[in-house]
Amino acid sequence: YQHLRVIGFDDGERWLQMNEGLDSFQSLYRPNSVWSGGYYDLFSLAPIYAQYEVEPTAANPQEPLQVWILGFGAGSAVAPLQFGAPNHELKAVGVEIDPLVVELGEQWLPLSESAQAAVKVVAGADARRLLRSAPHDLDLILLDAYARQFEIPAHLATEEFFAEAYAHLRPGGVFVVNLGTTSAVDSDLGFVAKIRAGLAASFGDSQRMHRVPRRRNWVLFARKDMDFPALQDLGALLPSGLPLAVGAA
């Protein structure tokens, strides 16, 4: 029911496309680079937000950062997440509903050795159903699942699902969702506003939006029971080497 293909370019870059048109991709691979230049790069902010003003025992550098990635694709989110948590080992579970996506990723968009060691991939499983077996002290839950390129599957965009995700996060944990839309954030009728309203039933006002430069994406962060750092304080928390576009977002 899906059309999958990998496109290669002369510079070594490769795109994994899933039902996409010519100008977009589901996963992206750049040899010898952490950064894709797309919305994945903003996922590096998630560990920074999750560790902000958390009790020292939870932020112990020896404690792995527990992450679930719902809509794993070829794993383009893993390297940015690792970069955003330089003092923590990443312990991730990646859920991908289509096993062939994982197979194509392993063959044509390979992860680095450190990224491969950080993630256990579960293929052929529905993200919401599998999340119910997750621990209830996760640091991060990242949602990047789409049907027909533009639509978040309905059962992953409901108030009830957001409540389930909330229950699996520890205090201060962060839920992240990639929103592929041109919808305006200031419209009460827009797609983004409705997603934020659904999240608010559990997370309240502890939400932050980042617009991805030059892309039709927003990355939405929601934090459990704790505030985000003020934007004017965020610069001091960022590790060196982040792309300029992440700061611009």
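Everything below is about the structure shown above.
Read on for an overview of the structure.

Inspection of the entire model under this criterion finds 12 aromatic pairs. These aromatic residues form a ring-pair network of at least three members: Phe 161, Phe 162, Tyr 166, Phe 175 and Phe 203. The residue whose ring lies beneath Lys 224 is Tyr 166, and the NZ or CZ to ring-centre distance is 4.6 Å.

Hydrogen bonds between backbone groups are what pair the strands of a sheet, and the pairing can be parallel or antiparallel. A sheet is described by the order of its strands in space; here 7 strands give the open sequence β6-β5-β4-β7-β8-β10-β9, paired in mixed fashion. Looking along the sheet, the strands with just one partner apiece sit at the ends: β6 (119–123) and β9 (207–211). When the angles between neighbouring strand axes are averaged without regard to direction, this sheet yields 15°. Looking at chain direction, β9 and strand β10 (residues 217–223) are connected through 5 bridges and run antiparallel. Among the inter-strand pairings, His 210 is bridged to a residue of β10, identified as Val 219. In the packing of helix α6 (residues 159–167) onto the sheet, contacts are made with β4 (65–70), β7 (138–143) and β8 (169–180), and the angle to β8 comes to roughly 140°.

Next up on the list: the environment of Leu 131. Note that Leu 131 resides in helix α5 (residues 127–131). Once you skip the residues sitting within four places of it in the chain, Leu 131 turns out to touch Trp 68, Leu 70, Leu 138, Ile 141, Phe 161, Ala 165 and His 168.

Packing of α6 against helix α7 (residues 191–203) leaves a shortest axis separation of 8 Å and a crossing angle of 45°. The orientation of α6 with respect to α7, classified from their angle, is oblique. The interaxial crossing formed by α6 with α7 has right-handed handedness. Taking contact as the criterion, the partners of Glu 159, Phe 162, Ala 163 and Tyr 166 in α6 are, on α7, Ile 195, Gly 198, Leu 199, Ala 201, Ser 202 and Phe 203. A class-by-class count of the residues in the contact of α6 with α7 yields 7 nonpolar, 2 polar and 1 charged.

The rules we used
Residues numbered from 1 in each chain as written. Predicted model: local features only at pLDDT ≥ 70, side-chain atom pairs only at ≥ 80, totals over all residues. Heavy atoms only, no water. Phe/Tyr/Trp six-rings, centres within 6.5 Å; stacked < 30°, edge-to-face > 60°. Lys NZ or Arg CZ within 6 Å of the ring centre and 35° of its normal. Pairing = 2+ DSSP bridges. Helix = DSSP H or I, 4+ residues; strand = E, 2+ residues; numbered from the N terminus. Axes fitted to C-alpha atoms, helices over the stretch in contact; angles between N-to-C directions. Contact = heavy atoms within 4.5 Å. Parallel < 35°, antiparallel > 145°, perpendicular 65-115°, else oblique. Left-handed = near helix turned anticlockwise from the far one by under 90°. Nonpolar A, V, L, I, M, F, W, Y, C, P; charged D, E, K, R; others polar.

By themselves, these figures tell us nothing about what the structure is for.
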